[in-house]
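Next come the chains, spelled out residue by residue.
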Amino acid sequence: MSGASEVRFLLDTARDLLARPRRGDLAGTWPRACALLIRQALEAALDRYWRARGLALHECSARAQWICLAEYERSDPESATALSGTWHALSRACHHHAYELAPTAAELRGWLEVVERWHSRTAG
Amino acid sequence: MDPALQRIVLERLDAEGAEGPSPAPLKRGRPKAARAEGWDYLVLAALEGREALAGALDTPSAAAGRALPPLPEPARVPGIFLRQIRVQGFRGVGRETRLDLNPGPGLTLVVGRNGSGKSSFAEALELLLTGDTFRWKDRSAVWREAWRNLHEPAARIAADFAVEGEPAGLTVSREFEEGGRLEAATTLVQRRGQAVEPFAALGWGTALSSWRPFLSYAELGSTFDQPTDLHDRLAQILGLDELAAAQKVLAEERLAREKALKQAGVARDALFAELASHPDLRATGARELLAGADWGLAELSAKLTAEATPREATGLAVLRQLAALEGPSAESVGAVVDGLRAAARQLGAAAGTLAERSQQLADLLDSALRFHDATGDGPCPVCGRAGAIDGAWHQARTAEVVELRSAAASVASARQAGERSVTAAGGLLRDLPVQALAEAGGLGLNVETLLAAVAACQSALEPLEAWRRGVATSASPGAELAAGADALAAAAGPLREALDELAGAARQELQKREDAWRPLARRLLEWIPGAERARASASALPAIEAAAAWRGAQGKALRAERFAPIGQRARSIWEQLRLQSNVDLRDVVLEGTATKRRVELKVAVDGADSVALGVMSQGEIHALALSLFLPRATQPESPFRFLVIDDPVQSMDPARVDGLARVLAETARERQVIVFTHDDRLAESVRRLALDAAIFAVTRAEGSVVEVKPNADPVDRAIGDARALALTDELPPAAARRVVPGLCRQAIEAAAMQAVRARRIGRGDRHDDVQAVLEKASGLKLVALALFDDEQRAGDVMNRLNRERRTFGDAWQWCAAGSHEEVAGDLMAHVNDAHALARWLARSA
């Protein structure tokens, strides 16, 4: 699984996790799992973006990639900023931080939507 | 009344002895009640509240000399613990969610992000028990109406309690009708197997208001906003508000009574002044009564409702007599005048008939005739002339005697008629009320004309009287009568007119007096009952004043004595919470009264006295608020063995969180302490300090689905999550392979952080500094910090891991790679390796 279908799969799974009430195994577990999935969806989407343009940027640091994206997406700087911000927030949620609790459903929903929008725009 | 306070009050009242404070000096118009008997009873009654005081005052005889109740036994209340809180369709919680609690002493942390619904549990409980919450109390209607959860139409909150001595426990619940208002629902209580009762049946109300076992963040932050509020809240738990309220009800009672008395007095003064200038004699009598010290109310009332007294009545009687006055009628005067004139005429006609002589001559002739009858014809026995008396003489003299006697009789009858008429003339004036006329002048009536007319009449009578006495004032007989009749006829008209005029004036005066008096009398009568009540109520004033004076004098000492244990406990809690704070809390006392009442926090900053709040950070202020809350909520008298604290750690720096964790754990030895908190700091502190606590994590999914899950430490939590996801069939396996490594990495990161924190805080580093280092370190640097206490040695990490255990290096790399891509292989085996690595790391400090 790679490219658009991979991104789609990750986003769909994340949305499903977010939307469906769960009991048992996933109770309380889903927020972090969801964050991990969205971040990977975003990273996969970014990877796909570079590949589509024949650029081998996926080996670069995340920071470098977001700077480059801002250049490539100059027509839509807000989108690039939102994506980079979302990625940083997701990364924070994906690592352990002292005293921090799992992200909220609203936060996850917001991140998911940012990635979704970009993906549907660039995948088309 | 708060039992502890009651005890203190009673002890002090007993020490006071029966005499009590000296009564206040009497004020004018106050009923005499030199002794303030029963004042001590009034102190107690006032402490029970307004109604109790009113009751005690309504039966003054009972208040006086009533024995004080015995000292209350030390409180032995069955403890109440929380077993479960259930929330549905309320605030952040949609479908029914339960928070299970161990119903006994112990610390429970409920950790959840803001908006996770955790506070809904705290609020639901508070709403259940108090019908309101601190947070909502002063909010607008919009806020109060937005309590419903949008995802769940059915709204219900409930809590199960374990009560000592009641094995079945009880459930308190509040069900909201669909579309119903927050306040509309009723809170019900049910003991197992028993009928549902209203919440009030539990009788928790007073205890809840006294020892409210809830502390919200909002309350914590606003604790010192209003010095009077804090004072009042503390005062309330200690029953000190009862002390303040007692003073208030005593003061109100005193004021009301004084006011009533004063108003009655003002009205009395006005009436008194009016009476003074009132012409009515009754006014004088009323005024004399009113002048008395006790206002003579009873007498005055009797007097006003009864007839006027004789003395007062005199003036009115005179007026009434004069008003009814009628002069001699024209007919009677005419008759008298006619009689006088007739007598005068008769006497005039008889003038020259020598009536006296006729009588004597007739008597003489009668003797001569009787002599002739006896001796027969012969010479005159007087002059001797022969043949003078014979039959012819007899006949002629007999006729003459008849004539003579007739003439004499007509004169006598004329005189008698004259005398009768004179008597009648005198009688014309005899009916005049001489006394009344003499007093009429004093009543403001003009009697001059009348007196002149009367004098004219009297002078007309004088010659008549003289005539009757036989004193002739005129040559011709009967002329006096004629002249008297004329004078009388002339004087009678003016007399009648003057009398009519006086009667009219008297009637007017009488009317005027009645008109002026009646309204005043009515007002007096209307004033009397109120005045009597005011005086009766004022009779309790000395006792009320004595009670208030005692309360006032003792207030400070009572407050201090009651507050002392709280102040001490607050200081000891502050000692644990202050840590690096340079603020030393030396004493907490309740100070001042009325608008100046406040909680005085006597602090020293670096050893120098200072004003507490000015020098304290927000975190310190919260800590201080908590220092005051805990002792108040854990009073031995409180039946509530649980206390619920909503987010005490916000704006508290990490160092203070350790102190807080210790204080809470210490409190939890005897109490069930439930703390809701929005981040992991308190939980982290509790874990690191190895304090006993049950920790729950609350998360809220979309649709307000709130989940409550026991929360182990972050390492176990992350590994637990990873295992759950590795095994679940709720997630596509491909997705699990994306997620599990990331979770394992979180476990390793958490373990590394625990190691760093344990080492550095253990050796005395500042929390903030440790935190700053941890925030910056990630990946291998973080592990290097844990292993070598040196983030620069990231390059040595893999070697060290592999040297420790062959799988550790792989486990780390698997986690790192898997955080960005799908991994292959046996998930569970990898999770186990990562777990082993995390556990080893955590112990590496």
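Residues numbered from 1 in each chain as written. Chains lettered and ligands numbered in written order. Predicted model: local features only at pLDDT ≥ 70, side-chain atom pairs only at ≥ 80, totals over all residues.

### Focus: the overall build of chain B
For step 1, the next point in the chain: When helices and strands are counted, chain B shows 31 helices and 15 strands.
For step 2, the next point in the chain: Looking at chain B as a whole, 42% of its 845 residues qualify as buried. (Helix = DSSP H or I, 4+ residues; strand = E, 2+ residues; numbered from the N terminus. Buried ≥ 20, exposed ≤ 12 C-beta atoms within 10 Å, placed from the backbone.)

### Looking at the overall build of chain A
For step 1, the next point in the chain: In terms of regular secondary structure, chain A is built from 5 helices and 0 strands.
For step 2, the next point in the chain: Along its sequence from the N terminus, chain A presents helices and strands in the succession α-α-α-α-α.
For step 3, the next point in the chain: Buried positions account for 43% of the 124 residues belonging to chain A.
For step 4, the next point in the chain: Residue pairs at least 24 apart in sequence account for 71% of intrachain contacts in chain A once pairs closer than 6 positions are excluded. (Contact = placed C-beta atoms within 7 Å.)

### Side note on the sheet that holds strand 15 (residues 705-710) of chain B
All names here are of chain B.
For step 1, the next point in the chain: Read from one edge of the open sheet, 6 strands run 8-12-13-3-14-15, paired in mixed fashion. The open sheet is flanked by strand 8 (214-215) and strand 15, the only strands paired with a single partner.
For step 2, the next point in the chain: Pairing of strand 3 (residues 106-112) with strand 14 (residues 694-701) involves 5 bridges; the strand directions are parallel. What sits directly across from Val110, in strand 14, is Phe696. (Pairing = 2+ DSSP bridges.)

### Here we look at the sheet that holds strand 6 (residues 187-191) of chain B
All names here are of chain B.
For step 1, the next point in the chain: One open sheet holds the 6 strands; their spatial order is 2-1-4-5-6-7, and the pairing between them is antiparallel. The open sheet terminates on both sides in strands that have one partner only, identified here as strand 2 (97-100) and strand 7 (197-198).
For step 2, the next point in the chain: As paired elements, strand 5 (residues 166-176) and strand 6 share 5 bridges and run antiparallel to each other. What sits directly across from Arg174, in strand 6, is Thr187.
For step 3, the next point in the chain: In the packing of helix 5 (residues 118-130) onto the sheet, contacts are made with strand 1 (80-88), strand 2, strand 4 (155-163), strand 5 and strand 6, and the angle to strand 1 comes to roughly 110°. (Axes fitted to C-alpha atoms, helices over the stretch in contact; angles between N-to-C directions.)

### Observations concerning the pairing of strand 10 (residues 598-605) of chain B
Residues and elements named next belong to chain B.
For step 1, the next point in the chain: Sheet analysis places strand 9 (residues 583-591) next to strand 10, joined by 8 bridges and oriented antiparallel. Along strand 10, the bridge assignment pairs Val589 with Glu600.
For step 2, the next point in the chain: Between strand 9 and strand 10, which pair antiparallel in sequence order, lie 6 residues; one of them, Gly592, sits at a positive phi of approximately 70°.

### A look at the environment of Ala154 of chain B
Residue and element names in this part refer to chain B.
For step 1, the next point in the chain: In this structure, Ala154 sits in the loop between helix 7 (141-145) and strand 4.
For step 2, the next point in the chain: Separated by 24 residues in sequence, Ala154 and Glu178 place their C-alpha atoms 6.4 Å apart.
For step 3, the next point in the chain: The residues touching Ala154, leaving out its near neighbours within four places in the chain, are Gln88 and Gly89.

### Digging into the interface of chain B and chain A
For step 1, the next point in the chain: Facing 42 residues of chain B, the contacting portion of chain A comprises 32 residues.
For step 2, the next point in the chain: At the level of secondary structure, the elements contributing two or more residues to the side of chain B that touches chain A comprise strand 3, helix 24 (681-688), strand 14, strand 15, helix 25 (714-727), helix 26 (733-762) and helix 27 (767-776) of chain B.
For step 3, the next point in the chain: When its residues are assigned to classes, the side of chain B that touches chain A shows 17 nonpolar, 12 polar and 13 charged. (Nonpolar A, V, L, I, M, F, W, Y, C, P; charged D, E, K, R; others polar.)

### Points about the confidence of the model for chain B
Low-pLDDT portions of the prediction should not be read for the details of their coordinates.
All names here are of chain B.
For step 1, the next point in the chain: For chain B, per-residue confidence averages 82 on the pLDDT scale, and 91% of positions sit at 70 or higher.
For step 2, the next point in the chain: Of all helices and strands in chain B, the one with the weakest mean pLDDT is helix 4 (residues 60-63) (53), whereas helix 31 (residues 827-842) scores best (94).
For step 3, the next point in the chain: The low-confidence segment residues 23-34 (pLDDT under 50) makes 18 contacts with residues lying over four places distant or belonging to another chain.
For step 4, the next point in the chain: Two summary scores accompany this predicted model of the complex, namely pTM at 0.60 and ipTM at 0.90. (pLDDT = per-residue confidence, 0-100.)

### Focus: the nonpolar core
For step 1, the next point in the chain: Membership of the largest hydrophobic core comes to 214 residues, with the highest contact counts inside it found for Ile38 and Ala41 of chain A together with Leu42, Ala547, Ala747, Ile748 and Ala752 of chain B.
For step 2, the next point in the chain: The element best represented in this core is helix 26 of chain B, accounting for 14 residues.
For step 3, the next point in the chain: Beyond its immediate stretch of four places on either side in the chain, Ile748 of chain B contacts Trp812, Cys815, Ala834, Leu837, Ala838 and Leu841 of chain B.
For step 4, the next point in the chain: Val411, Val454, Leu464 and Ala492 of chain B belong to the second largest nonpolar core, which has 44 residues in total. (Core = buried A, V, L, I, M, F, W, Y, C linked by C-beta atoms within 7 Å.)

### Brief notes about unusual backbone geometry
One can expect most non-glycine residues to show negative phi and most peptide bonds to be in trans.
All names here are of chain B.
For step 1, the next point in the chain: Of note in this structure, Arg91 is not a glycine but carries a positive phi near 50°.
For step 2, the next point in the chain: Relative to the assigned elements, Arg91 resides in the loop between strand 1 and strand 2.
For step 3, the next point in the chain: In this structure Arg91 comes out as buried when scored by C-beta crowding, with 22 C-beta atoms within 10 Å.
For step 4, the next point in the chain: The residue Trp295 is not glycine, and still its phi comes out positive at about 65°.
For step 5, the next point in the chain: With respect to the element layout, Trp295 can be found in the loop between helix 12 (281-290) and helix 13 (297-305).
For step 6, the next point in the chain: C-beta crowding within 10 Å serves as the criterion here: with 23 such atoms nearby, Trp295 is assigned to the buried category.

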